[in-house]
Amino acid sequence: MRAAHARPRGFTLVEVLVALALMAAMATMAWRGIDGMLRSRDISQGSLVRTERLQSVVAQWELDLQALQDSGVLNPIAFDGIQLLLTRRQPDGMQLISWNLREGRLYRWASPVLTTQAALAEAYARSQQDISGPEQLLALEGVSRWQMFFYRGNSWSNAQSSDDLSNDQAAPPPPSTAPSGATGTPPPGVRRQLPSGVRMLLEFAPGSGHEGTLTRQVLLGPQS
């Protein structure tokens, strides 16, 4: 009779507390694992976006160089340590392209398609000023410094110190609208020799998402 009427034994308060503590610890560990996975995903996604952007910028830089065209008015390619200026052919004319580095940011500016020497000279004058507007695009951030080298003959030389000139009696005299200076047109009868290759070195600042120095070389095609 006593066994039939005995009450079933339940969990004690200590057992319940221990079970709750174990469940809380497991939930905390699971949350930390999920949080770590989310952080890793965000880091990987950010790195992928930065890499894709860098690849797009380098690809655009290569396209500009491969379309290099001597206008007979301006030096087709010139670099002063901050700005890379070049003339690019287009189906309906030419474009003046400026890659410039300011305050750790690399910008690309492109003029409208130009069809006259006067328009090209005007675009050059604008490129030497504080460029702004929808034509200028932010390409990269976190760039501390960049260097440019030209390949002429059988060696590389610093683009800021290399300015090979050759006598060419067939070269037409520069038009009156052509700007003068380091990136302008050389004297009559003298032509600047285009490099056969261009090497770019991009140095990234700490915390930019990129490490070290990026080196890229582009072989220039023959002028038409």
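How each quantity is defined
Residues numbered from 1 in each chain as written. Predicted model: local features only at pLDDT ≥ 70, side-chain atom pairs only at ≥ 80, totals over all residues. Heavy atoms only, no water. Salt bridge = Lys/Arg side-chain N within 4 Å of Asp/Glu carboxyl O. Helix = DSSP H or I, 4+ residues; strand = E, 2+ residues; numbered from the N terminus. Buried < 20%, exposed > 50% of the residue type's maximum accessible area, 1.4 Å probe, protein only. Arc of directions from axis to C-beta. Contact = heavy atoms within 4.5 Å. pLDDT = per-residue confidence, 0-100. Pairing = 2+ DSSP bridges. Axes fitted to C-alpha atoms, helices over the stretch in contact; angles between N-to-C directions.

## Section: the pattern of salt bridges
Next, step 1: Counted by the stated rule, this structure contains five salt bridges.
Next, step 2: Across the pair D64 and R108 runs a salt bridge, and its minimum N-O distance is 3.0 Å. Of this pair, D64 sits in helix α1 (residues 13–66) while R108 sits in strand β4 (residues 105–110), and the two are 44 residues apart along the sequence.
Next, step 3: For E203, the salt bridge identified is with R145, shortest N-O distance 2.7 Å. Here R145 lies in strand β6 (residues 143–152) and E203 lies in strand β10 (residues 197–204), a separation of 58 residues in the sequence.
Next, step 4: The class of E203 is partly exposed, set by a relative accessible area of 22%.
Next, step 5: One salt-bridge network, held together by shared partners, links D64, R88 and R108.

## As for helix α2 (residues 117–127)
Residues spaced three or four apart along an α-helix point in a common direction, a consequence of the helix completing one turn every 3.6 residues.
Next, step 1: What α2 keeps buried is the set L120, A121, A123, Y124 and S127. An end-on view of α2 places all buried positions within 160° of arc, on one side of the element.
Next, step 2: The secondary structure elements touched by the buried residues of α2 are β2 (83–90), β3 (93–102) and β4.

## Looking at the confidence of the model for the chain
Next, step 1: Averaged over every residue, the pLDDT of the chain is 79; the share at 70 or more is 76%.
Next, step 2: A low-confidence stretch, residues 167–189 stays under pLDDT 50, and its non-local contacts, those more than four residues away or across chains, total 46 contacts.

## Overview of the sheet that holds strand β1 (residues 77–79)
Next, step 1: An order of β1-β2-β3-β4-β5 is seen for the five strands of this open sheet, with the pairing classed as antiparallel. Each end of this open sheet is capped by a strand with a single partner; those strands are β1 and β5 (136–141). Adjacent strand axes in the sheet meet at a mean angle of 20°, parallel and antiparallel pairs treated alike.
Next, step 2: Across six bridges, β3 lies against β4 in antiparallel orientation.

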